[in-house]
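Examination of the molecular architecture
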Amino acid sequence: MRDKNGIYYYKATESHQPTVCMLFLQGDPDQLIEVEFKSFDISCSDGELISLVDGWEQQGQYFPAEEDHSLPLAERHRLYCDDKPSKLVTHQNVAMIHWIILKPGQGFSINVRFFYNPKPCNVISKEPAGRYTLSNYGHEKNCTFTVIYPVNIKLLGMVVGTKLMPGVSRQMETENRILREVSVVSLVLLSLLMVQKSFIHE
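Residues numbered from 1 in each chain as written. Predicted model: local features only at pLDDT ≥ 70, side-chain atom pairs only at ≥ 80, totals over all residues. Heavy atoms only, no water.

Observations regarding the side chain of Asn117
Where we set the bar: Only DSSP runs of H or I covering at least 4 residues are called helices, and only runs of E covering at least 2 are called strands; the numbering of each starts at the N terminus. Any pair of residues with heavy atoms lying within 4.5 Å of one another is described as a contacting pair.
With respect to the helices and strands, Asn117 occurs in the loop between strand S10 (107–116) and strand S11 (123–124). Discounting chain neighbours no more than four positions away, the residues touching Asn117 are Asp30, Gln31 and Leu32.

Quick notes on the state of the cysteines
This is how the line gets drawn: Cysteine sulfur atoms that pair up within 2.5 Å are treated as a disulfide.
All chains considered together, the criterion is met by 2 disulfides. Sulfur-sulfur distance for the disulfide between Cys44 and Cys81 comes to 1.8 Å. Classification of the bridge connecting Cys44 and Cys81 rests on its S-S torsion, roughly 95°, and on that basis the disulfide is right-handed. Of this pair, Cys44 sits in the loop between strand S3 (31–41) and strand S4 (49–53) while Cys81 sits in the loop between strand S7 (77–80) and strand S8 (88–89), and the two are 37 residues apart along the sequence.

Here we look at the environment of Ile101
Of note, Ile101 is situated in the loop between strand S9 (94–100) and S10. Taking the C-alpha atoms as reference points, Ile101 and Tyr10, 91 residues apart in sequence, are found 9.4 Å from one another.

Things to note about the side chain of Ser109
Just so we agree on the cut-off: Only protein chains enter the accessibility calculation, which uses a 1.4 Å probe; a residue is then buried when its area is under 20% of its type maximum, exposed when over 50%, and partly exposed in between.
Mapping Ser109 onto the fold places it in strand S10. Relative accessible area serves as the criterion here: at 10%, Ser109 is assigned to the buried category.

Observations regarding the sheet that holds S4
Our working rule: Pairs of strands are assigned from DSSP output, requiring at least two bridges between the strands. Axis definition: a line fitted to C-alpha atoms, limited for helices to the stretch in contact. Angles are taken between N-to-C directions and run from 0 to 180 degrees.
The 4 strands are arranged S2-S9-S4-S7 in an open sheet whose pairing can be described as antiparallel. The open sheet has two edge strands with one neighbour each: strand S2 (21–26) and S7. Direction aside, the axes of adjacent strands within the sheet are offset by 15° on average. Sheet analysis places S4 next to S7, joined by 4 bridges and oriented antiparallel. Pairing of Val53 across the sheet is with His77, part of S7.

Regarding the confidence of the model for the protein
Selection criterion: The pLDDT score gives, residue by residue, the confidence of the prediction method on a 0 to 100 scale.
The share of residues in the protein with pLDDT of 70 or more is 78%, and the mean pLDDT across the chain is 78. Taken as a whole, residues 167–202 scores under 50 in pLDDT and shows 111 contacts with residues more than four places along the chain or in a different chain.

Some words on the packing of aromatic side chains
In plain terms, the rule: Here the aromatic set is Phe, Tyr and Trp, taking the six-membered ring for Trp, and pairing holds for ring centres within 6.5 Å; pairs whose planes are under 30 degrees apart are stacked, those over 60 apart are edge-to-face, and all others are tilted.
All chains considered together, the criterion is met by 7 aromatic pairs. Seen from their ring centres, Phe24 and Trp56 are 5.2 Å apart, and the 85° between their planes marks the pair as edge-to-face. Here Trp56 lies in strand S5 (residues 56–58) and Phe24 lies in strand S2, a separation of 32 residues in the sequence. The exposure class assigned to Phe24 is buried, which follows from its relative accessible area of 1%. The class for Trp56 is buried, based on a relative accessible area of 5%. Aromatic ring contacts, followed pair by pair, group Tyr10, Phe37, Phe40, Trp99 and Phe108 into a single cluster.

Structure below.
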């Protein structure tokens with residue numbers, strides 16, 4: 001897993017059987033991620049490919065779930081070979097890249113940038129403990145907060161619903177807020193965060 005701005009690259013060093021490699025990107029809860037390919041040498045004819053995921057995918061399960069994301073799954077998970085992918089800008093604080101590269105010397109490089117998101121929705125927590133405020137910012141939509149390890153959760157406060165403001169002709173939406181205090185019991189799914197050593201950051 002990577003959480004820093006910078007240029008990352010992968011280059012196959014020897015021929016091998018088809019193996020899916022993965023890179024997980026995760027920013028802070030109030031960040032989005034931009035992924036731009038600087039170089040791209042992946043051949044369809046050689047059975048190679050790369051896929052970009054707006055979110056995370058593991059064993060066919062996606063985060064955020066289809067019903068919680070603003071884009072259909074077909075637009076969130078795309079496959080590429082031969083032609084360099086377009087720039088990816090995520091809708092939450094995580095992204096994922098899968099690839100299969102078979103020929104020595106072939107590979108790709110990417111520029112990764114994490115930037116501020118003033119209205120986060122659908123977040124995977126990075127920290128083992130903390131306090132978080134969830135809000136729909138006055139819009140009718142699903143927002144989720146996910147922790148990938150067992151936790152104790154304490155609900156500190158909640159405001160849900162709408163309010164009519166005196167003297168105002170339109171109905172004012174009250175933001176839905178949930179404040180959570182999270183403490184980690186133990187870390188699981190460690191294998192989800194592992195990336196092969198041959199993936200280098202410079």
